[in-house]
Amino acid sequence: MNNDTNIEKNSIIKRGILGCLIGLAVIVPGISGSTIAILFKLYDQILDAVANIFKKFKKSIMFLLPLLVGAIIGIVIGFFSVQKLLELIPFAIVVFFAGLMLGALPSLKDELDSSKTTPKTKYFAIIGFLIPITIATLSIVFKTSTQQNLTINLWTFIFYLILGFIVALTQFVPGASATATLMAFGYFIPLMNSFHMSYWKENPSIFLVYLALGIGFLLGCFIISKGLNSLLQKYKNLMYYLFIGLSFGSIVTMFFNVDMLEIYQNWANNGINLLDLLLGIGLFIIGLIISYNLVLYMRRKNKKESV
C-alpha cells in the first residue's frame, strides 16, 4: 500500500514539474511543451486524457490537474523571470533553450517503432522542418504586423477564435511553439503588453479578446487531441518523423526570427555584446548536457521498469 502511495505521489510530482515546464514553454520563443512531454514519457497519456475528457471525465481531470497547476506556475515564472532575462541577455537565454531542445531530440527518436527510414518518412521530416521555417520567414517579411491592435468586432472575434485554435495545435504538436506562432501572426508582443492593470482599465474590451482566444484554445485542445490520438495510433512512425522535422526546424528558428534579427542588427550597429555571446555559448552547452542527461536517465528508468 505504501509503495503504491509513493508511486502515485511521484507521478503527481512528475506531472506538476512537467506542467511547470510546459507553462514556461508558452512564454519562451521556440520551446515545445509537447517535446518536453515526450521526454517525460507522458505525451500519449496527456493526449488520451484530453481527447477523452468527456468520456472519462473524473480520471482525465485527476490526471490533468497537476499539469494544469504546474502550467500556471510556469507561466507566472515565465512572465516575471524569463521575460526579464530575455530583456537583459536575450541571445544567451534563447541559446540556452536551444541547447535544451537539441539535447532532448533523441527522446523523439526513442518513440519510433523502427529506426529504418523510407522516402515517405524523409518527406514527412522535411515537411516538418519547413513548417516552422516558413512561419519564421513570414514573421520577418511581415514584421510590421508585430504592432497589431487588439480591437474587437465580429470579424476579429472569429479571427481570435481561429488564432486560439492554432495556439492549441502548438500545444500538442512536438516541435511547434505557441510563442513563435503568435510572433508570426504579430500578436505575441501586443498580448504580452496587454497584461497590465492600466491597460485593462483603458481597454476593457480586451477581455473579449481573451475570451475568444480561450474558447478557440479549448475547442482546439479537444478536437486536435482527438485527431492526433487517432493519427498516432494509425501512423505513429510517420507522425514522429514529422515531429522530428518540426523540432529541428524550431531550433533553427530560435536563431532566425524577428526578435533575434533585431539583436543581430544591434550588434552590427553597436558591436557584438561579448558577455551575451560568450554566456550564450556556455549556456548552450549546459542546456545540451542537462537535457541529454535527462534523456539518458529516462532511458535507464524505463529500461528498469520494463524488466
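Predicted model, so just to flag it, every value in this text is computed and none were measured. (Residues numbered from 1 in each chain as written. Predicted model: local features only at pLDDT ≥ 70, side-chain atom pairs only at ≥ 80, totals over all residues. Heavy atoms only, no water.)

A closer look at the overall build of the protein chain
We apply this condition: Numbering of helices and strands runs from the N terminus, with a helix taken as a DSSP run of H or I at least four residues long and a strand as a DSSP run of E at least two residues long. With a 1.4 Å probe rolled over the protein chains alone, any residue whose accessible area is under 20% of its type maximum counts as buried; one over 50% counts as exposed, and the rest are partly exposed. What makes two residues a contact is simply this: any of their non-hydrogen atoms within 4.5 Å.
In terms of helices and strands, the protein chain carries 14 helices and zero strands. Reading the protein chain from its N end, one meets helices and strands in the order α-α-α-α-α-α-α-α-α-α-α-α-α-α. Out of the 307 residues belonging to the protein chain, those deemed buried represent 45%. Residue pairs at least 24 apart in sequence account for 80% of intrachain contacts in the protein chain once pairs closer than 6 positions are excluded.

Some details on the packing of helix α7 (residues 119-141) against helix α12 (residues 206-253)
Put simply, the rule reads: Fitted lines through C-alpha atoms give the axes, limited to the stretch in contact for helices. The angle between two N-to-C directions lies from 0 to 180 degrees. Note: crossing handedness is left-handed where the near helix turns anticlockwise from the far helix by less than a right angle, and right-handed where it turns clockwise. We call Asp, Glu, Lys and Arg charged. Ala, Val, Leu, Ile, Met, Phe, Trp, Tyr, Cys and Pro are nonpolar, and the rest, Gly among them, are polar.
Between α7 and α12, whose axes approach to 7 Å, the crossing angle comes to 35°. The two elements α7 and α12 cross, and the hand of that crossing is right-handed. The segment α7 lies against α12, with Lys120, Thr121, Phe124, Ala125, Ile127, Gly128, Phe129, Ile131, Pro132, Ile133 and Ala136 engaging Leu238, Tyr241, Leu242, Gly245, Leu246, Phe248, Gly249, Ser250, Val252 and Thr253. Considered class by class, the residues forming the contact of α7 with α12 number 14 nonpolar, six polar and one charged.

Details of α7
Since the α-helix packs 3.6 residues into each turn, any two residues three or four apart lie on the same face. What counts, and what does not: Multiplying 1.5 Å by the helix residue count minus one yields the expected span of that helix.
For α7, built from 23 residues, the straight-helix expectation of 33 Å at 1.5 Å per residue is met to within 8% by its first-to-last C-alpha distance of 32 Å. Within α7, burial applies to Thr121, Gly128, Pro132, Ile133, Ala136, Ser139 and Ile140.

Examining a positive patch on the surface
Where we set the bar: Nonpolar side chains (Val, Leu, Ile, Met, Phe, Trp, Tyr) within 5 Å and like charges within 9 Å form the patches, drawn only from residues with over 30% relative accessible area and no salt bridge. For accessible areas, the Shrake-Rupley method is used with a probe of radius 1.4 Å. Any residue's cover is judged against the shown protein chains and nothing else. A carboxyl oxygen of Asp or Glu within 4 Å of a side-chain nitrogen of Lys or Arg is what we treat as a salt bridge. Positive charges come from Lys and Arg, negative ones from Asp and Glu, while His and the chain ends are left out of the count. By convention, the point assigned to a charge is CZ for Arg, NZ for Lys, CD for Glu and CG for Asp.
A cluster of like positive charges, contributed by Lys55, Lys56, Lys59 and Lys226, occupies part of the molecular surface. Of note, Lys59 is situated in helix α4 (residues 57-88).

Quick word on the nonpolar core
Most often, soluble globular proteins have nonpolar side chains that are buried together. Note the following rule: The set of buried Ala, Val, Leu, Ile, Met, Phe, Trp, Tyr and Cys residues whose side-chain atoms join them within 4.5 Å is what this entry labels a nonpolar core.
Counting 51 residues, the largest nonpolar core has Leu18, Tyr43, Ile46, Leu64, Leu228, Tyr240 and Phe243 as its most contacted members. Elements that contribute at least two residues to this core include exactly α1 (2-27), α2 (33-39), α3 (43-51), α4, α5 (90-104), α8 (154-172), α12 and α13 (258-270). A total of twelve residues in this core trace back to one element, the largest contributor, which is α12. Within the second largest apolar cluster, 15 residues are counted, among which are Leu150, Val167, Phe188 and Val209.

With respect to the packing of aromatic side chains
Selection criterion: Two aromatic rings, drawn from Phe, Tyr or Trp (for Trp, its six-membered ring), form a pair once their centres lie within 6.5 Å of each other, and the interplanar angle then sorts them: stacked below 30 degrees, edge-to-face above 60, tilted otherwise.
The full count for this structure, using the stated rule, is eight aromatic pairs. Aromatic side chains Trp200 and Phe207 sit 5.6 Å apart centroid to centroid with 50° between the ring planes, which places their arrangement in the tilted category. Residue classification places Trp200 among the partly exposed residues on the basis of a relative accessible area of 24%. Accessibility expressed as a relative area gives 43% for Phe207, which makes it partly exposed.

Details of the layout of surface pockets
For clarity, the threshold we go by: Two kinds of site are reported from a 1 Å grid over the protein atoms alone, namely cavities, where a 1.4 Å probe fits but cannot get out, and pockets, open sets with protein on both sides within 12 Å along at least five of seven lines, and residues are called lining when an atom falls within 4 Å of a point. Grid points are joined across faces, edges and corners, and a volume is the space filled by probe spheres set on the points.
Of the pockets and cavities examined, the largest pocket occupies roughly 1500 Å³. Forming the boundary of the largest pocket are 42 residues, of which Leu68, Ile75, Gln171, Phe217 and Cys221 lie nearest the centre. Broken down by element, the residue count for the lining of the largest pocket peaks at eleven residues, all from α4. For the lining of the largest pocket, the residue count by class is 34 nonpolar, eight polar and no charged.

Topic: α13
In this model α13 runs 18 Å from its N-terminal to its C-terminal C-alpha over 13 residues, within 8% of the 18 Å that 1.5 Å per residue would give. When α13 is considered as a whole, its buried residues turn out to be Val258, Met260, Ile263 and Trp267. Positive backbone phi, at 95°, marks Gly271, one or two positions downstream of α13.

Side note on the confidence of the model for the protein chain
Threshold: Looking at any residue, its pLDDT shows the predictor's confidence there, from 0 to 100.
Overall, the prediction assigns the protein chain a mean pLDDT of 81, with 88% of residues at 70 or greater. Looking at the elements of the protein chain, mean pLDDT is at its lowest for helix α9 (residues 178-185), recorded as 70, and at its highest for α8, recorded as 88.

Re the packing of α8 against α12
Our working rule: When describing relative orientation, an angle under 35 degrees is termed roughly parallel and one over 145 degrees roughly antiparallel, while 65 to 115 degrees is termed roughly perpendicular and anything else oblique.
It is at 6 Å that the axes of α8 and α12 come closest, and there the two elements cross at 45°. Put simply, α8 runs oblique to α12. Relative to α12, α8 is oriented so that their crossing is right-handed. For the contact of α8 with α12, the residue count by class is 20 nonpolar, five polar and no charged.

Focus: the side chain of Asn52
Here Asn52 lies in the loop between α3 and α4. For Asn52, the residues in contact, after removing those within four places along its chain, are Phe57, Ser60, Lys226 and Asn229.

A look at the environment of Val50
Relative to the helices and strands, Val50 resides in helix α3. Taking relative accessible area as the criterion, Val50 reaches 13% and is therefore assigned buried. With 172 residues separating them along the chain, Val50 and Phe222 place their C-alpha atoms 6.2 Å apart. Beyond its immediate chain neighbours, meaning those up to four positions away, Val50 contacts Leu64, Phe172, Cys221, Phe222 and Ser225.

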